[in-house]
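Breakdown of the fold
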Amino acid sequence: MDHEEEEEVEIPNYFICPISLEIMKDPVTTVSGITYDRQCIVKWLEKVPSSCPVTKQPLPLDSDLTPNHMLRRLIQQWCVENETRGVVRISTPRAPPGKPNVVQEIKNLKKFGQEAFEREDTLHKLEVLAMEGNNRRLMCEAGVHKSLILFVVKCTSEEDEEGRRHIKGLDESLRLLHLIGVPSNDAKTILMEDDRIMESLTWVLHQEDFFNKAYTILLLRNLTEYTSSHIVERLNPEVFIGIIGFLKDVVNSLNRTSPSVRDAVQSSRPSLGKTEPSKLDHTLVIKQAVTSALMILLETSSWSRNRSILVDLGAIYELIELEISYSGEKRITELMLGVLSRLCCSANGRAEILAHRSGIAVVTKRLLRVSPAADDRALSILSTVSKFSPENMVVEELVNVGAVEKLCNVLRLDCGLNLKEKAREILKDHFDEWKKFPCIDMNLLTKLLSSSPKDQLNEFQSRVGV
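For clarity, every value in this text was computed on a predicted model and none was experimentally measured.

What follows deals with a nonpolar patch on the surface. A cluster of nonpolar side chains, Y14, M70 and L74, forms an exposed patch at the surface whose accessible area comes to about 340 Å². The residue L74 is located in helix α2 (residues 69-81) in this model.

Where helix α20 (residues 359-366) contacts helix α21 (residues 372-388), the two axes come as close as 9 Å, and the packing angle between them is 145°. Here the hand of the crossing between α20 and α21 comes out left-handed. Counted together, I360, V363, T364 and R366 of α20 and D375, A378, I381, L382 and V385 of α21 form the full contact between these two elements. Tallied by class, the residues present in the contact of α20 with α21 amount to six nonpolar, one polar and two charged.

Our focus in this paragraph is helix α26 (residues 442-450). All buried positions along α26 are accounted for by M442, L445, L448 and L449. Taken around the axis of α26, the buried residues stretch over an arc of 125°, which confines them to a single face. Opposite its buried face, α26 presents the exposed residues N443 and S450, each directed more than 90 degrees away. Its side-chain oxygen placed 3.2 Å from the backbone nitrogen of N443, D441 serves as the N-cap of α26.

This part covers helix α24 (residues 417-429). Compared with an ideal rise of 1.5 Å per residue, which puts 13 residues at 18 Å, α24 spans 18 Å between its outermost C-alpha atoms and is within 8% of the ideal. Listed as buried for α24 are L419, K420, K422, A423, R424, I426 and L427.

What follows concerns the packing of α21 against α24. Here α21 crosses α24 at 25°, and the two axes come no closer than 10 Å. It follows from the interaxial angle that α21 and α24 lie roughly parallel. At the point where α21 passes α24, the crossing takes the left-handed sense. Contact with α21, carried on its side by D375, D376, L379, S380, L382, S383, S386 and K387, involves N418, L419, K422, A423, E425, I426 and D429 of α24 and no other residues of that element. For the contact of α21 with α24, the per-class residue count stands at five nonpolar, four polar and six charged.

Definitions and cut-offs
Residues numbered from 1 in each chain as written. Predicted model: local features only at pLDDT ≥ 70, side-chain atom pairs only at ≥ 80, totals over all residues. Heavy atoms only, no water. Patch = residues over 30% accessible without salt bridge, like charges linked within 9 Å, V, L, I, M, F, W, Y side chains within 5 Å. Areas by Shrake-Rupley, 256 points an atom, 1.4 Å probe, with all protein chains shown as cover. Salt bridge = Lys/Arg side-chain N within 4 Å of Asp/Glu carboxyl O. Helix = DSSP H or I, 4+ residues; strand = E, 2+ residues; numbered from the N terminus. Axes fitted to C-alpha atoms, helices over the stretch in contact; angles between N-to-C directions. Left-handed = near helix turned anticlockwise from the far one by under 90°. Contact = heavy atoms within 4.5 Å. Nonpolar A, V, L, I, M, F, W, Y, C, P; charged D, E, K, R; others polar. Buried < 20%, exposed > 50% of the residue type's maximum accessible area, 1.4 Å probe, protein only. Arc of directions from axis to C-beta. Polar contact = N/O pair within 3.5 Å; in protein donor to acceptor, adjacent residues only side chain to side chain. Expected span 1.5 Å × (residues − 1). Parallel < 35°, antiparallel > 145°, perpendicular 65-115°, else oblique.

Given below as structure tokens:
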């Protein structure tokens, strides 16, 4: 038996990345003064932009990441010295493409115009460069996003002799536009300056490529967020058809597999070879696209014209199905309930919610389980549906899905006075009908309705010892 114990290797703390808690292979220092492994901080900023993991100071997505050469050399030297003790040597990382490379590609764009994008490697080079935040800023300053949008228009509008559209480079262009974004100052005017842009994006939404539709919706949100309200108000119904179709695709993908949309869509899409950027998280892209789609629907549903179109297109059914499949995502639930609360302003909208086998049930289930914002929107839906729909259709459904019990809990728990008033109104409006159901505790219900929201709040605080 060997009595000599193997000495444990002690790693210096400053060699460890604060994110991965592993030895840094390519240490870079952010503007907040903290050093991270490059790959870790880049992924962090893509998911949680504008926040330093350690200091919580503002850290924009396009922040400079300064290579910490001194620390890298110390780490490499330490690894060599401890190689016999099982420490793996770390090679010197290749420097990421920087400003000179970006400047050269921008010069090529200015020299060759749209033809530059048709060269085999131009879009790939730009995409690799765009993986670095500072490079994205340089591209925006040079107007690369404008050239890309015009190239998308060209891809989707020009046809060959057989009537087929020339879409080579469309995938890469949309993905690159997602990476670099469109600055708000330009987004305000782009759609107003060229009608072809909206026509092209609408065309992409009606094609089969799942990822292209996702990137198009992200771009649409980027553009409509800052543009004239007139454009948002008068969106072509074909845009809504495309967005609703995308949400339906997401639901189908989720239902075919498990919680991963990425696996479902990747299996049905051929490999993109070298043009597929390894750092893009497909699951995150789809989640962002779903969020953007819901934000577009929420904004556009402010107008009655759009609400009617969305209801007629079956948006309510798809929204409820999305929530059933995508449950657990707070922001998505809040947006979904927000859109539903607007669509149920019309009689047809309310009828659609009641017609769905899980409509009222889903809304009720999210009550008191997500956030105050979701509670407010859920109660608005229940209030509108119960007030303006035929009572015989509503009451039994509310009882069957446990809505009465949930509404009583709103009165009993520490909820806002506005929420309590909405719950009280629903319970009072149908008080006589509740008596027909033995499962409802009418003594408790009477007690809750006879006391003021303030008294209920005081009672709750006394129970929990506040």
